[in-house]
Amino acid sequence: MTTEIKNRIKEVFEKQKDFFGTQATKEITFRKRQLQNFRKVFASYTDAICEAVNIDLGKSRAEAEYVEVQIVLDELDDMIENMEEWAKPTYVKSKPHASGAEVISKYIYEPYGVNYIIGPFNYPVQLTFSPLIGALMAGNTAIIKPSENTPHVAQVIEDIVSEAFDEKYVAVFQGAIEENTYLLSLPFDYIFFTGSPNVGKIVMKAAAEQLIPLTLELGGKSPTIVHHDADIEKAVQRISAGKWINCGQTCVAPDYVYVHESVKGAFIEQLKSYLKATYNDESLGKIGKIVSQHQIGNLAGYLDAAPEKVIYGGKYDLETRHFEATLMDDVNWNDAVMQQEIFGPILPILAYSNIDEVLKEINSRPKPLALYVFSESQQFADDVIARTTSGDAEINSTLIHVGSHYLPFGGVGASGMGKYHGRFSLENFSHQRSILQVK
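Because the structure is predicted, anything quoted here is derived from the model rather than measured.

Thoughts on the packing of aromatic side chains
Overall, the coordinates contain 21 aromatic pairs when judged by the stated rule. Relative to Tyr169, the ring of Phe30 has its centre 5.1 Å away and its plane inclined at 70 degrees; by these criteria the two rings are edge-to-face. Of the two residues, Phe30 sits in helix H2 (residues 28-44) while Tyr169 sits in the loop between helix H6 (151-164) and strand S5 (170-172), which places them 139 residues apart along the sequence. A single burial state applies to Phe30 and to Tyr169, both of which are buried. When the ring of Phe165 is compared with that of Tyr169, the centres are 5.6 Å apart and the planes differ by 70 degrees; the resulting orientation is edge-to-face. Taken together, the ring pairs in this structure connect Phe19, Phe30, Phe38, Phe42, Phe129, Phe165 and Tyr169 into an aromatic cluster. If you follow Arg365 out to its NZ or CZ, it ends over the ring of Trp333, 4.0 Å from the centre.

Digging into the sheet that holds strand S2 (residues 103-111)
Read from one edge to the other, the open sheet built from three strands follows the order S1-S2-S18, with strand pairing classed as antiparallel. For this open sheet the edge positions go to strand S1 (90-92) and strand S18 (430-438), each flanked by a neighbour on one side alone. Between one strand axis and the next, the sheet turns through 25 degrees on average, direction left out of account. Here S1 pairs with S2 via three bridges, running antiparallel. Counterpart to Val92 in the pairing with S2 is Ser105.

Brief notes about the pairing of strand S15 (residues 370-374)
Within S15, five of the five residues are buried, leaving the element largely enclosed by the surrounding structure. Burial along S15 is two-sided: the residues Ala370, Tyr372 and Phe374 and Leu371 and Val373 are all buried. With four bridges connecting them, S15 and strand S16 (residues 392-395) associate as parallel partners. Note on S16: the bridge partner recorded for Leu371 is Ala393. With respect to chirality, the unit in which S15 leads through helix H13 (residues 378-386) into the neighbouring parallel S16 is right-handed.

Points about empty space enclosed by the protein
Over the atoms rolls a probe the size of a water molecule, and in doing so it shows where empty space is left. Applying the stated criterion across every chain yields a total of one cavity of 30 Å³ or more. Taken together, Gly220, Ser222, Lys243, Gly248, Thr250, Cys251, Ala253, Pro254, Asp255, Glu341 and Phe343 form the lining of the largest cavity. Residues that form the lining of the largest cavity fall into these classes: four nonpolar, four polar and three charged.

Observations regarding the environment of Glu51
Structurally, Glu51 is set in helix H3 (residues 46-57). Assessed through its relative accessible area of 54%, Glu51 is described here as exposed.

Some thoughts on the domain arrangement of the chain
Domain boundaries in the chain define domain 1 (3-218 + 415-438) and domain 2 (223-403). For domain 1 and domain 2, the distance between their C-alpha centroids amounts to 31 Å. On the domain 2 side, the residues contacting the 19 residues of domain 1 number 17 residues. Buried area between domain 1 and domain 2, both sides added, is near 1500 Å², and the carbon and sulfur share of it is 51%. Put simply, domain 1 and domain 2 have one salt bridge between them. Between Asp392 and Lys419 there is a salt bridge whose closest N-O contact spans 2.6 Å. The interface formed by domain 1 and domain 2 includes 12 residue pairs in polar contact (both at pLDDT 80 or more). At the level of elements, H3 and helix H4 (61-86) are the ones that each hand at least two residues to the side of domain 1 that touches domain 2. In terms of residue count, the dominant contributor to the side of domain 1 that touches domain 2 is H3 (four residues). The class makeup of the residues in the side of domain 1 that touches domain 2 is seven nonpolar, seven polar and five charged.

Some details on the side chain of Arg31
By secondary structure assignment, the location of Arg31 is in helix H2. For the buried Arg31, which has no salt bridge, the nearest side chain bearing the opposite charge is Glu27, at an N-O separation of 8.0 Å. In contact with Arg31, other than residues within four places in its own chain, are Thr25, Lys26, Met83, Ala87, Leu136, Met137, Ala138 and Gly139.

Analysis parameters
All residue numbers here refer to positions counted from 1 along the written sequence of the relevant chain. Note on the predicted model: pLDDT of at least 70 is required for a residue's local features to be given, and 80 or more for side-chain atom pairs to be given and counted; whole-chain, interface and lining totals, by contrast, use all residues. The basis for the side-chain values is all heavy atoms of the structure; hydrogens and waters are excluded. Only rings of Phe, Tyr and Trp enter the pairing, Trp through its six-membered ring, and a pair is recorded when the two centres are within 6.5 Å. The plane angle decides the type: under 30 degrees is stacked, over 60 is edge-to-face, the rest tilted. Helix numbers and strand numbers start at the N terminus; a helix is a DSSP run of H or I with at least 4 residues, a strand a run of E with at least 2. Relative accessible area decides the class of each residue, using a 1.4 Å probe on protein chains only: under 20% of the type maximum gives buried, over 50% gives exposed, and in between gives partly exposed. Whether a charge lies above a ring is judged from NZ of Lys or CZ of Arg, which has to be within 6 Å of the ring centre and within 35 degrees of the ring normal. At least two bridges found by DSSP between two strands is the condition for calling them paired. To obtain each axis, a line is fitted to C-alpha atoms, and for helices this fit is confined to the stretch in contact; angles are then taken between N-to-C directions over 0 to 180 degrees. By convention, orient the strands away from the viewer: a clockwise path from the first strand over the helix to the second makes the crossover right-handed. Using a 1 Å grid laid over the protein atoms alone, points where a 1.4 Å probe fits but cannot get out form a cavity; open sets with protein on both sides within 12 Å along at least 5 of 7 lines form a pocket; any residue with an atom within 4 Å of a point counts as lining. Grid points are joined across faces, edges and corners, and a volume is the space filled by probe spheres set on the points. Ten residues, namely Ala, Val, Leu, Ile, Met, Phe, Trp, Tyr, Cys and Pro, are considered nonpolar, four, namely Asp, Glu, Lys and Arg, are considered charged, and the remaining ones, Gly among them, are considered polar. Those domain boundaries reflect an automatic or database domain assignment. Between two residues, a contact is recorded if the distance between any of their heavy atoms is within 4.5 Å. The term buried area refers to how much accessible surface (probe radius 1.4 Å) is lost by two components on association, counted for both of them together. In the sections that follow, a salt bridge refers to a side-chain nitrogen of Lys or Arg positioned within 4 Å of a carboxyl oxygen of Asp or Glu. Think of a polar contact as two N or O atoms within 3.5 Å of one another; within protein, one of them needs to be a possible hydrogen donor and the other a possible acceptor, and neighboring residues in sequence only count if both atoms come from side chains. Residues scored as positive are Lys and Arg, those scored as negative are Asp and Glu, and His as well as the terminal groups of each chain are ignored.

Structure representation (structure tokens):
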């Protein structure tokens, strides 16, 4: 990184510090106007977004419009409509004052200041702009670093931000490790990171050195349990919807499936049939691209370590970065594919007969970002959720909780900290400041 770029970053950072100090961003009318303008600009870039994510990640137009554009627009609409009500002071009961004087107690949502938002590669638009609009709704300014692994999308993100905002309010800096390291050295008021646990540790360490509050949206091996009473056809379709989208590169994708031994055979046959019907002989290019050749090598390594366990798929193309939807059977926790989050279109299948042993195994591992359970028994599903811990959970479904701005989304333990979306973004990007007044 050149001295010129370093000076430029510092210059914009100081501009945002100064602008936040004017108190302008705290005005609700200002926040709403900025989000309304951003919505207009963002929507106008729909074609450019879809084209860029197709180049970088091989996403179809339909997939890109939904996961990268529409989810952001829906969240914007919810925030614009409700932010004024959400941001009002909350009055609470007061303890009596010793003198008998009247006491008024309330808390307000106070913005942190200048935020640093680090975007990921897997959903590079949605997972960069969803945190941004939450930060702006709360009254902050922001500097964004998009992922260098999706360069075409990163440029579109920069173009959108440049058109929608003044750099003293929101700015984008491109770069990789060197630029990120320098940005993390600056005294930001808040940091929001989406990415891998390994990089999350680096971000958290840098934040700790300056006592900067932060949100970490990480990942992990999200388990799926298919009980003997599950609707197998629905389970296959809904697990597939969560696993194969974006070529398996989703932080809350089902990482592996525990299937009750009495229905495992039927589950596998249904899954094979579904894959054959959905992705025909040209399937290698139908579920998107893996982000890099390096990751292709990692995924191929899982298959090479246990080739006898590959029961469907397994083909890949290093040059085009395509990887086929792949199933592995008779997997155990000693296999290479079970040592870390897969982040690709490989689905390991494990059998179980005793749910207690399954839950014990899950609970012995780092806490995942999501947990999925398929069963027609509400009691069984509730029991599984009650006896495990994960960032979030779904019953008889996968992935769709991430797109709901009515639910808080985030991890716990090794899968992250902090929750956002909708009004929960206001809470995440604000300091809840208590104020007590004695008359």
